[in-house]
Structure formats: structure tokens, C-alpha cells
Amino acid sequence: MTKDEAVKQLKMLARSRAFGHHVGSDRLVAAALDALLADVDTPSLPLLAGLGRREEPEAPGLFDQVMEELGFVFEPPADPTATKLAVAYWLAEQIADGSLDPATGAVMIWTESAMELGYPAELRPIVTCAIQLDDWNEDWTISQEEITSDVVRAVHELLRNRSSSASRR
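What counts and what doesn't
Residues numbered from 1 in each chain as written. Predicted model: local features only at pLDDT ≥ 70, side-chain atom pairs only at ≥ 80, totals over all residues. Heavy atoms only, no water. Helix = DSSP H or I, 4+ residues; strand = E, 2+ residues; numbered from the N terminus. Buried < 20%, exposed > 50% of the residue type's maximum accessible area, 1.4 Å probe, protein only. Areas by Shrake-Rupley, 256 points an atom, 1.4 Å probe, with all protein chains shown as cover. Lys, Arg positive; Asp, Glu negative; His and termini not counted. Charge placed at Lys NZ, Arg CZ, Asp CG, Glu CD. Phe/Tyr/Trp six-rings, centres within 6.5 Å; stacked < 30°, edge-to-face > 60°. Lys NZ or Arg CZ within 6 Å of the ring centre and 35° of its normal. Axes fitted to C-alpha atoms, helices over the stretch in contact; angles between N-to-C directions. Parallel < 35°, antiparallel > 145°, perpendicular 65-115°, else oblique. Left-handed = near helix turned anticlockwise from the far one by under 90°. Contact = heavy atoms within 4.5 Å. Nonpolar A, V, L, I, M, F, W, Y, C, P; charged D, E, K, R; others polar. Patch = residues over 30% accessible without salt bridge, like charges linked within 9 Å, V, L, I, M, F, W, Y side chains within 5 Å. Salt bridge = Lys/Arg side-chain N within 4 Å of Asp/Glu carboxyl O.

Undergrad: Mind laying out the overall build of the protein, listing which residues take part and the relevant values?
TA: Check the secondary structure of the protein and you find eight helices and zero strands. Its helices and strands in sequence order give the protein the pattern α-α-α-α-α-α-α-α, from N to C terminus. Viewed in the frame of its principal axes, the protein has a C-alpha envelope of about 55 × 40 × 25 Å. Counting every position in the protein, which comprises 169 residues, the buried fraction comes to 36%. Summing over all exposed atoms, the protein offers an accessible surface of approximately 9600 Å²; the carbon and sulfur share of this is 51%. If the 15 positive side-chain charges of the protein are averaged to one point and the 28 negative ones to another, these points end up 6 Å apart.

Structural data, given as C-alpha cells:
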């Protein structure tokens, strides 16, 4: 694992925690060990990477320290609607960069964001794919792989539209 990949993994775990997902202490310790082996250097990283099972309750606090030392403190938007949309974009980014399986990510966008936001137009293509994947059977003329490719295309379109909307502001 490269230094950039290790830092990316730490940031991904930090965002996941900020969005309210459970991230086990064992994953925090493992990510710290990966980062340490990839030459990431912060004062608290060796402490986190060296925690034993009995010390795992200390992991979340040490992880937060590591993230502060790296200069990465992520606060989700205060508005619940904006937070749900931010989760959808975060999941889409993971699908786009290959760190999240497209089928799994599409279902997560559907259930964790779109459903609670009343199915906003920008998420509908991904939700349509998620529903198709959920309902799919061998009798269909379209394969799961084709639907998964549609997810990836829809995610790229979502992210492209967000970038062009942000640049027009």
C-alpha cells in the first residue's frame, strides 16, 4: 500500500464515522498499521497501530487525534438533507474510484440517501439501477454486469454534474 492509499483509507474511515456508520476499532487499528507501514508519520499513529485487543476502546479517540494531526477533520453538513445528499456523493465517489462495489454502492445510495430525500432527480438513475439489481433474475434480457455498468455511468454523470454545478456558482 502506498502512502497516498493509506491516507485515503484513513480519510474514508473518518468520513464513514462522521456520517454515522459504525467502524470497528479493529478496522481503525488495522488502517493505522497500514499507514504506519506506508510511512505515514504522525505522533499518535504508532500508538493507534500498536493497540492490543484489550486497548481497542481507546482506538476511536486515538484515530481522531491521528486525523487532526494529518489535518483532516471532516464535519458533515448541519442540515440533515444536505448530509443525506453528501452521503450519496461520498458513496458515488467510492464507486467511481473502484473502492466500493457498484451494486452494493447503488443499493446504499438508494436506501441511505435517495429514499429519505424523496428520490431527488439527480439520484434516480442510480436508484433505478439498484432496483433492477435487486429484482434481477435469469429471465431478463439484460445482464447484471450491464446494470452494474449502468451504475458506474450514472455515478460518473452525477459527479460530473456536481462538478459543473459547483463551477457555475
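Further notes follow.
Undergrad: Could you give me a rundown of the packing of aromatic side chains, with the residues and numbers involved?
TA: One pass over the full model with this rule turns up two aromatic pairs. Pairing Phe19 with Phe74 gives two aromatic rings, centres 5.3 Å apart and planes at 70 degrees, and the pair type is edge-to-face. Residue Phe19 is located in the loop between α1 (3-18) and α2 (25-37), and its partner Phe74 is located in the loop between α4 (59-69) and α5 (80-96); the two are separated by 55 residues in the primary sequence. Phe74 shares its class with Phe19; the two are buried. The interplanar angle of 50 degrees and the centroid separation of 5.4 Å between the aromatic rings of Phe19 and Trp90 together place this pair among those described as tilted. Of this pair, Phe19 sits in the loop between α1 and α2 while Trp90 is found in helix α5, placing the two residues 71 residues apart along the sequence. Judged by relative accessible area, Trp90 falls into the buried class, the value being 7%. An aromatic cluster is defined as three or more aromatic residues linked by ring pairs; in this entry it consists of Phe19, Phe74 and Trp90. Here the basic side chain of Arg15 rests over the ring of Phe74, its NZ or CZ set 4.3 Å away from the ring centre.

Undergrad: Please set out the packing of α1 against α4 residue by residue, giving values where relevant.
TA: Packed helices, taken two at a time, are described by their axes: the angle between them and the distance between them. The N-to-C vectors of α1 and α4 enclose an angle of 120 degrees; their axes lie 11 Å apart at closest approach. With respect to α4, the axis of α1 lies oblique. Viewed along their axes, α1 and α4 form a crossing whose handedness is left-handed. Every residue of α4 that contacts α1 at Leu10, Lys11, Leu13, Ala14 and Arg17 is listed here: Pro60, Phe63, Asp64 and Met67. Class assignment for the residues of the contact of α1 with α4 results in six nonpolar, no polar and three charged.

Undergrad: Tell me about a nonpolar patch on the surface, and please be specific about residues and values.
TA: Together, Leu33, Leu36 and Leu37 give the surface a local cluster of nonpolar side chains, amounting to about 280 Å² of exposed area. Here Leu36 shows up in helix α2.

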